[in-house]
Amino acid sequence: QVQLVESGGGLVQAGGSLRLSCAASGSIFSIYIMGWYRQAPGKQRELVARITTGGSTNYADSVKGRFTISRDNAKNTVYLQMNSLKPEDTAVYYCNVVPERLRSSWGQGTQVTVSS
């Protein structure tokens, strides 16, 4: 199956920005809805953003207005631009298809830590 590799995480102060990248080993964006998920300590994994094959986007209420999901089909890469970061955004961020039950394999993710 297609491999997905996340990158771009790091340590940032509250109010700062990060841009995450998800590189796919194959061209899958014309087939599946892609999403960014995150899992914080002690919390369940949650879907924070998704983008359809047609380019329509949706966001969790907690990130709407601050995060932007996009993709570059030629590069087989999906991005998550995160602005106005808050400490509660601290989590490991993963990319995967939506709904997640369609693909059971998860990558290493990329750690995002927002200090207060």
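In case you missed it, the structure is sitting above this.
From a predicted model like this one, the values you see are computed outputs, not experimental measurements. (Residues numbered from 1 in each chain as written. Predicted model: local features only at pLDDT ≥ 70, side-chain atom pairs only at ≥ 80, totals over all residues. Heavy atoms only, no water.)

Engineer: So, the sheet that holds strand β3 (residues 18–24): which residues are in play, and what are the values?
Structural biologist: Taken together, the four strands give an open sheet; going across it, the order is β1-β3-β8-β7, and neighbouring strands pair in antiparallel fashion. Because the sheet does not close on itself, it has two edges, and the strands there are β1 (4–7) and β7 (67–72). On average, each strand axis in the sheet is inclined to that of its neighbour by 15°, with strand direction left out of account. Relative to β3, β1 runs antiparallel, the two sharing four bridges. Looking at the pairing, glutamate 6 lines up with cysteine 22 of β3. (Pairing = 2+ DSSP bridges. Helix = DSSP H or I, 4+ residues; strand = E, 2+ residues; numbered from the N terminus. Axes fitted to C-alpha atoms, helices over the stretch in contact; angles between N-to-C directions.)

Engineer: How would you summarise the pattern of salt bridges if you had to cite specific residues and measurements?
Structural biologist: In this structure the tally under the stated criterion is four salt bridges. Among the salt bridges present, the one from arginine 66 reaches aspartate 89, with a minimum N-O distance of 2.7 Å. Placement of the pair is arginine 66 in the loop between β6 (57–59) and β7 and aspartate 89 in the loop between β8 (77–82) and β9 (91–98), with a sequence separation of 23 residues. Through salt bridges with shared partners, a single ionic network connects Arg38, Glu46, Arg66 and Asp89. (Salt bridge = Lys/Arg side-chain N within 4 Å of Asp/Glu carboxyl O.)

Engineer: Run through the side chain of asparagine 76, naming residues and quoting values.
Structural biologist: Tracing the backbone shows asparagine 76 in the loop between β7 and β8. Judged by its relative accessible area of 17%, asparagine 76 falls in the buried class. Those residues in contact with asparagine 76 that lie beyond four places of it in its chain are Cys22, Ala23, Ala24, Gly26, Ser27 and Phe29. (Buried < 20%, exposed > 50% of the residue type's maximum accessible area, 1.4 Å probe, protein only. Contact = heavy atoms within 4.5 Å.)

Engineer: Could you give an account of the nonpolar core, with specific residues and numbers?
Structural biologist: Membership of the largest hydrophobic core comes to 28 residues, with the highest contact counts inside it found for Trp36, Leu80, Met82 and Tyr93. Elements with a contribution of two residues or more to this core: β3, β4 (33–39), β5 (46–51), β7, β8, β9 and β10 (110–115). (Core = buried A, V, L, I, M, F, W, Y, C linked by side-chain atoms within 4.5 Å.)

Engineer: Go over the packing of aromatic side chains, please, and point to the residues and values.
Structural biologist: In total, this model carries two aromatic pairs according to the counting rule given. Ring centres of tyrosine 37 and tryptophan 106 lie 5.1 Å apart, and the angle between their planes is 85°; on these two criteria the pair is classed as edge-to-face. Here tyrosine 37 is found in strand β4, whereas its partner tryptophan 106 is found in the loop between β9 and β10, with 69 residues between them in sequence. Classification of tyrosine 37 as buried rests on a relative accessible area of 3%. Owing to a relative accessible area of 25%, tryptophan 106 belongs among the partly exposed residues under this scheme. Grouped by ring-pair contacts, the aromatic residues Tyr37, Tyr94 and Trp106 constitute a single cluster. (Phe/Tyr/Trp six-rings, centres within 6.5 Å; stacked < 30°, edge-to-face > 60°.)

Engineer: Can you tell me about the sheet that holds β6, naming the residues and giving the values?
Structural biologist: Sheet strands pair by backbone hydrogen bonding; their relative direction is either parallel or antiparallel. In spatial order, the strands read β2-β10-β9-β4-β5-β6; together these six strands make up an open sheet with mixed pairing. Two strands bound the open sheet, and with one partner strand each, they are β2 (10–13) and β6. When the angles between neighbouring strand axes are averaged without regard to direction, this sheet yields 25°. Two elements, β2 and β10, share four bridges in a ladder whose sense is parallel. Residue pairing for β10: glutamine 13 is matched across the bridge by serine 115.

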